[in-house]
Structure formats: C-alpha cells, structure tokens
Amino acid sequence: MEPKPARLSRTYMTDLVLPPDTNQFGTIFGGKVMAYIDKIAAISAMRHARQRVVTASSDSLDFLAPIRVGQAIHLEAFVTYAHKTSMEVFVKVLAENLLTGETVLTARSYLTFVAIDEEGRPVEVPPVLPETEEEKAHYESAPRRREQRLARRQAASQGEFPMP
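Quantities reported herein were computed from a predicted structural model and do not represent experimental measurements. (Residues numbered from 1 in each chain as written. Predicted model: local features only at pLDDT ≥ 70, side-chain atom pairs only at ≥ 80, totals over all residues. Heavy atoms only, no water.)

**A word on the packing of aromatic side chains**
In this structure the tally under the stated criterion is 3 aromatic pairs. With 6.0 Å between their ring centres and 65 degrees between their planes, phenylalanine 78 and phenylalanine 90 make a pair best called edge-to-face. Placement of phenylalanine 78 in strand S4 (residues 72–83) and of phenylalanine 90 in strand S5 (residues 86–96) is noted, with a sequence separation of 12 residues between them. Phenylalanine 78 gets classed as buried once you look at its relative accessible area, which sits at 1%. (Phe/Tyr/Trp six-rings, centres within 6.5 Å; stacked < 30°, edge-to-face > 60°. Helix = DSSP H or I, 4+ residues; strand = E, 2+ residues; numbered from the N terminus. Buried < 20%, exposed > 50% of the residue type's maximum accessible area, 1.4 Å probe, protein only.)

Laid out in structure tokens, this is it:
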C-alpha cells in the first residue's frame, strides 16, 4: 500500500462550552472532553483508512488546564502511525477565550483504532507519511508507545495491572 501523508487525516472541531456541558466549578466535564476526543480521532482514522474503524485503546489522556463555560473548545487530530490494521491518532485540545483570542493547551491524547470491514474483521491500512516536524516527532516515537500499549494489553489479559 502507498503511504498517505498525515495531513490528509488532519481533522478539526470547535464548539462553544455552555452551562449544561460543565460541572459545579463551571468547567467542562472530563467525560464530555473524552467523547469529543474519541469522535474526532475516529474521523481522523477513517479519513486515513477510508474504512470503518473501532477504538482499540486510549493510551493516555492528560488534562492540562480547565476549559470554562463561555470558552470555545478546539480539537485537532491526525494519524501519527499505522501498523497493518491499526492506527495511532494524536489529539490535542485547546481552550479559546473568545473575547481576547487567547488559547491554552488543555489536553493531549493518543488513541488507537483498528480498521474493519463490513463483517467486523480487521483490514489493512496504508502506512503514514509524516511531513512536518510535529508529524515526524509523533511518528518516530510511535513504536515505543506501541510496545508499551501491547505490554499493558498483555498484562491486563493476564489479570495484571502494571504501573506505567
């Protein structure tokens, strides 16, 4: 399969944080952010594979700063690496103060998706071609994250819960 540039999977999403989206502190629910992350990552993976996809894992989700009611939430995702039938997707989340234009990085996440056919069987996906420095950095560090992910999965399947 021909490699596909990571830029072709780049996906952006913006929404306004309203009171029903927030907790008692006036900041967005973490679960709401997680749902946004899974949705945008799935779209990115589908763009890369041009297949149906399912979430296989969420390796990490680091909440770095709150997003407050009245701010915009911006998400950006792209496929960083592909291995046979799976794809790693990076998502970053920003908050924007719509009155000042100030943006703050609020979360980062890596997820893994598997491409599937109509019967739910895994199908091959094209390799990723990183072009920018950011894409290259994620691509070069992806095999290490994949090894860690597989080790965690193996340990979990044996009833172990290793510390990261």
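**Considering the pairing of S4**
The buried count for S4 comes to 11 of 12 residues, which makes it a mostly enclosed element. Pairing geometry for S4 and S5, over 11 bridges, is antiparallel. Across the sheet, phenylalanine 78 pairs through a bridge with phenylalanine 90, a residue of S5. Hairpin remark: S4 followed by S5, antiparallel, with 2 residues in the connecting loop; positive phi at lysine 84, about 55 degrees. (Pairing = 2+ DSSP bridges.)

**Thoughts on helix H2 (residues 133–157)**
The end-to-end C-alpha separation of H2 is 36 Å, in line with the 36 Å expected for 25 residues at 1.5 Å each. Where H2 is concerned, the buried positions are Glu135, His138, Ser141, Ala142, Arg145, Arg149 and Ala155. Among the structural elements, strand S3 (52–63), S4, S5 and strand S6 (103–116) are those in contact with the buried residues of H2. Among the residues trailing H2, glycine 159 stands out with phi positive, at a value near 80 degrees. (Expected span 1.5 Å × (residues − 1). Contact = heavy atoms within 4.5 Å.)

**Remarks on a nonpolar patch on the surface**
On the surface, a nonpolar cluster with roughly 250 Å² of combined accessible area is contributed by Leu16, Leu18 and Leu98. You can see leucine 18 is positioned in the loop between strand S2 (11–16) and helix H1 (30–49). (Patch = residues over 30% accessible without salt bridge, like charges linked within 9 Å, V, L, I, M, F, W, Y side chains within 5 Å. Areas by Shrake-Rupley, 256 points an atom, 1.4 Å probe, with all protein chains shown as cover. Salt bridge = Lys/Arg side-chain N within 4 Å of Asp/Glu carboxyl O.)

**Details of unusual backbone geometry**
Non-glycine residue arginine 50 carries a positive phi angle of around 55 degrees. With respect to the helices, strands and loops of the structure, arginine 50 is situated in the loop between H1 and S3. The backbone of lysine 84 sits at a positive phi, close to 55 degrees, despite the residue not being glycine. If you trace the backbone, lysine 84 turns up in the loop between S4 and S5. With a relative accessible area of 61%, lysine 84 lands in the exposed category.

**Structural notes on H1**
Spanning 20 residues, H1 covers 28 Å between terminal C-alpha atoms, matching the ideal 28 Å at 1.5 Å per step. Those residues of H1 that fall on the buried side of the exposure criterion are Val33, Tyr36, Ile37, Ile40, Ala41, Ala42, Ser44, Ala45, His48 and Ala49. Positioned one or two residues after H1, arginine 50 has a phi angle of 55 degrees, which is positive.

**Quick look at the nonpolar core**
Of all hydrophobic cores here, the largest spans 34 residues; its most connected members are Ile73, Leu75, Met87, Val89, Val91, Val93 and Phe113. Of all the secondary-structure elements, those providing two or more residues to this core are H1, S4, S5 and S6. At 8 residues, H1 tops the list of elements feeding residues into this core. Leave out the neighbours within four places in its chain, and methionine 87 touches Ala45, His48, Ala49, Val53, Val79, Tyr81, Ala82, Leu111, Thr112, Phe113, Ala115 and Val125. (Core = buried A, V, L, I, M, F, W, Y, C linked by side-chain atoms within 4.5 Å.)

**Overview of the side chain of arginine 10**
With respect to the helices and strands, arginine 10 occurs in the loop between strand S1 (4–5) and S2. Arginine 10 gets classed as buried once you look at its relative accessible area, which sits at 13%. Engagement of the side chain of arginine 10 in a polar contact is seen with the side chain of glutamate 76, the distance being 2.2 Å. The contact partners of arginine 10, leaving out residues within four places of it in the chain, are Arg47, Glu76, Ala77, Phe78, Thr132, Glu134 and Glu135. (Polar contact = N/O pair within 3.5 Å; in protein donor to acceptor, adjacent residues only side chain to side chain.)

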